[in-house]
Amino acid sequence: MLEAQEFLGAHRLFQTQSVEEARQTVAQKFCDHRLELSKGGGGVAVRHNHVAGHATSLNFMTYGSDVMIDPGALQSFYLVQVPLSGRAHIRHRRVDVVADAATATVLNPDRETQMHWSHDCTKLLLQIDKTHLERVAESLIGRELPGPIRFHPAMDLENNGGRVIRRLILACARAVDEGEIFQGAKSNRTHCIENDLALALLTHHRNNISHIIDGASSDEIMPRAMRRALDFIHANLVDPIDLTQIARAAEVNVRTLQMGFRAKFGVTPMRYLKNARLDLAHYFLAAKDDPVSVTDAAFSSGFSHLGRFSQDYKKRFGCAPSRIHR
């Protein structure tokens, strides 16, 4: 079998032949876990390339030997594993999955997992923060979630949804290699890509709120005018737009627009716009890499008055923006 293409090569986290070093270093980016050589397995040749935004990370990994990995429950994140070569046996949510070129896996935060990777198994891993995924899901359905989101562990990469997710993850990895994205966690483009990744997983892979998402996506609940309004708002998030411009972009009158937002989101269009800007500012301030100042976060999110920004931020997130910035 030909060796899989290496992605994220300029972002090498480590390379080692030590099982313990591999376990400790991988644990720093994911979670504590057991890592053991399978019976008959030779020495490891571990490679881990890693690039992170604020709410997601992309990882290229291979162990170079037959290994057993037991992370238990991931707790704070979802993990999409796309095999590039070899295979892995995954047990998750009492479901056994053979992951290979035709089948990826999705691990849920609140369910335990055991994995066996073959010596030639190489994967791209997409890590998505649990809170981020839940926030995207609530925005998608327009209300609070009824409980934890749980995905089916097996993802068929040969059906339409699986192909879409695989193509997007590979495109992100190639864009990283070309220096186009994930060059600074504070970038607005990174924020948009992280939303797109979470949205793709929610809408293209089977989960326990798929029926709610399908209902919220119908024209009856989310008419075309509302879609046009949301597209306009998010495309001009940092620009000084007003209610009339949003209504014009949606091709409806202002009153109809206001009624639509009240029915769907429980807020006015301008409140929705302000909340979206506050979410973007919060994203900038909470970035693990390359954080920005409170002033830069406010101005980069479309706010021009720092005092009002701080007041609005505290109302939405329960603390002053300066606390997040520390």
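Remember, predicted model here, so these are calculated numbers, not experimental data.

Participant: Looking at this structure, how should I read the overall build of the protein?
Facilitator: When its secondary structure is counted, the protein shows twelve helices and twelve strands. Against the compact-globule benchmark of 20 Å for 326 residues, the protein has a radius of gyration of 21 Å, which places it among compact chains. Across its three principal axes, the protein shows a C-alpha extent of roughly 70 × 40 × 35 Å. Sorting the 326 residues of the protein into buried and exposed places 49% on the buried side. Taking the intrachain contacts of the protein between residues at least 6 apart in sequence as the baseline, contacts between residues at least 24 apart amount to 71%.

Participant: What is the right way to read the packing of aromatic side chains from this model?
Facilitator: Given two aromatic rings, their pairing is described by the distance between the two centres and the angle made by the two planes. Evaluated as defined, the whole model comprises ten aromatic pairs. Look at Phe265 and Tyr272: their rings are 4.8 Å apart centre to centre, the planes differ by 45°, and that puts the pair in the tilted class. In this pair, the class of Phe265 matches that of Tyr272, namely buried. Seen from their ring centres, Tyr283 and Phe284 are 5.9 Å apart, and the 55° between their planes marks the pair as tilted. Given a relative accessible area of 4%, Phe284 falls into the buried group. Joined through ring pairs, the aromatic side chains of Phe303, Phe309, Tyr313 and Phe317 make up one cluster.

Participant: Help me understand the pattern of salt bridges in this model?
Facilitator: Tallied over the entire structure, the rule returns 13 salt bridges. For Arg111, the salt bridge is made with Asp110, and the minimal N-O distance between the two is 3.4 Å. The partly exposed category is assigned to Arg111, whose relative accessible area is 31%. A salt bridge links Asp279 to Arg316; the shortest N-O distance between them is 2.9 Å. Placement of the pair is Asp279 in helix H9 (residues 269-286) and Arg316 in helix H11 (residues 306-317), with a sequence separation of 37 residues.

Participant: Explain the packing of helix H7 (residues 243-250) against helix H8 (residues 254-265) here, please?
Facilitator: Interhelical geometry of H7 versus H8 gives an angle of 90° and a closest axis separation of 9 Å. Comparing the axis directions of H7 and H8 gives the class roughly perpendicular. Facing H7, whose interface residues are Leu243, Thr244, Ile246, Ala247 and Ala250, H8 presents Val254, Leu257 and Gln258. When grouped by side-chain class, the residues that make up the contact of H7 with H8 number six nonpolar, two polar and no charged.

What counts and what doesn't
- Residues numbered from 1 in each chain as written.
- Predicted model: local features only at pLDDT ≥ 70, side-chain atom pairs only at ≥ 80, totals over all residues.
- Heavy atoms only, no water.
- Helix = DSSP H or I, 4+ residues; strand = E, 2+ residues; numbered from the N terminus.
- Rg over C-alpha atoms; globule rule 2.2 N^0.38 Å.
- Buried < 20%, exposed > 50% of the residue type's maximum accessible area, 1.4 Å probe, protein only.
- Contact = heavy atoms within 4.5 Å.
- Phe/Tyr/Trp six-rings, centres within 6.5 Å; stacked < 30°, edge-to-face > 60°.
- Salt bridge = Lys/Arg side-chain N within 4 Å of Asp/Glu carboxyl O.
- Axes fitted to C-alpha atoms, helices over the stretch in contact; angles between N-to-C directions.
- Parallel < 35°, antiparallel > 145°, perpendicular 65-115°, else oblique.
- Nonpolar A, V, L, I, M, F, W, Y, C, P; charged D, E, K, R; others polar.

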